[in-house]
Amino acid sequence: MTDTSVIAKSLMNRNEFISIDFKILSKEKQEIMGYEAEITYTDGIDHILETQRYRATDFPLDELRLFFVNDTLMLPSEY
């Protein structure tokens, strides 16, 4: 989560609204790609601003979407 807020804040000069998608890859994809999870930052209409890949994670969810707007990290239900 710390990485997410720091990266999103650094992308604010490229777009005011940032959608953040965390996803743990399937075991098959992990073996092919060489990493376990990725976080994709977009402008909300699928233009990728940044992608981070993680070799290992202990994040408890398989997927999570967050929004970063006005220096605030929010869940979809909060937006």
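Details of the pairing of strand β1 (residues 17-24)
Of all eight residues that make up β1, six are buried, and the element is covered over most of its length. Bridging between β1 and strand β4 (residues 63-69) involves seven bridges; their strand directions are antiparallel. Paired with K23 across the strands is E63, a residue of β4. Here β1 pairs with strand β2 (residues 37-42) via six bridges, running antiparallel. What sits directly across from K23, in β2, is E38.

A closer look at the side chain of Q52
Among the structural elements, Q52 can be located in strand β3 (residues 48-54). Within the structure, the side chain of Q52 is placed 3.1 Å from the side chain of Y54, a separation counted as a polar contact. Discounting residues that sit within four places of it in the chain, Q52 has contacts with D3, I7, A37, E38, I39 and Y41.

With respect to the packing of aromatic side chains
Scanning the entire structure with this criterion turns up two aromatic pairs. Here the aromatic rings of F17 and F67 are separated by 5.3 Å at their centres, their planes lie at 35°, and the arrangement is tilted. Residue F17 is found in strand β1, and its partner F67 is found in strand β4; the two are separated by 50 residues along the sequence. Both residues of the pair, F17 and F67, count as buried. Plain terms: the ring middles of F22 and F59 are 4.5 Å apart, the flat faces sit at 55° to each other, and that makes the pair tilted. Of this pair, F22 sits in strand β1 while F59 sits in the loop between β3 and β4, and the two are 37 residues apart along the sequence. Assessed through its relative accessible area of 11%, F22 is described here as buried.

Reading the values: the criteria
Sequence order sets the numbering: in each chain, residues are counted from 1 along the sequence as written. Where local features are concerned, this predicted model is filtered to residues with pLDDT of at least 70; where side-chain atom pairs are given and counted, the filter is 80 or more; whole-chain, interface and lining totals use all residues. Side-chain metrics in this entry use all non-hydrogen atoms of the structure; hydrogen atoms and water are not considered. Working definition: with a 1.4 Å probe on protein chains only, accessible area under 20% of the residue-type maximum means buried, over 50% means exposed, and in between means partly exposed. A helix here means a DSSP run of H or I that spans at least four residues, while a strand means a run of E at least two residues long, and both kinds are numbered starting from the N terminus. One requirement defines pairing of two strands: DSSP has to find at least two bridges between them. Pairs of N or O atoms within 3.5 Å make up the polar contacts considered here, provided that, within protein, one atom can donate a hydrogen while the other can accept it, and that residues adjacent in sequence are counted only when both atoms are side-chain atoms. In what follows, a contact means two residues having at least one pair of non-hydrogen atoms within 4.5 Å. Under the pairing criterion, centres of Phe, Tyr and Trp rings, with the six-membered ring standing for Trp, must be within 6.5 Å; the plane angle then separates stacked pairs below 30 degrees from edge-to-face pairs above 60, leaving the rest tilted.

Keep in mind that these numbers describe shape and distance, not what the molecule does.
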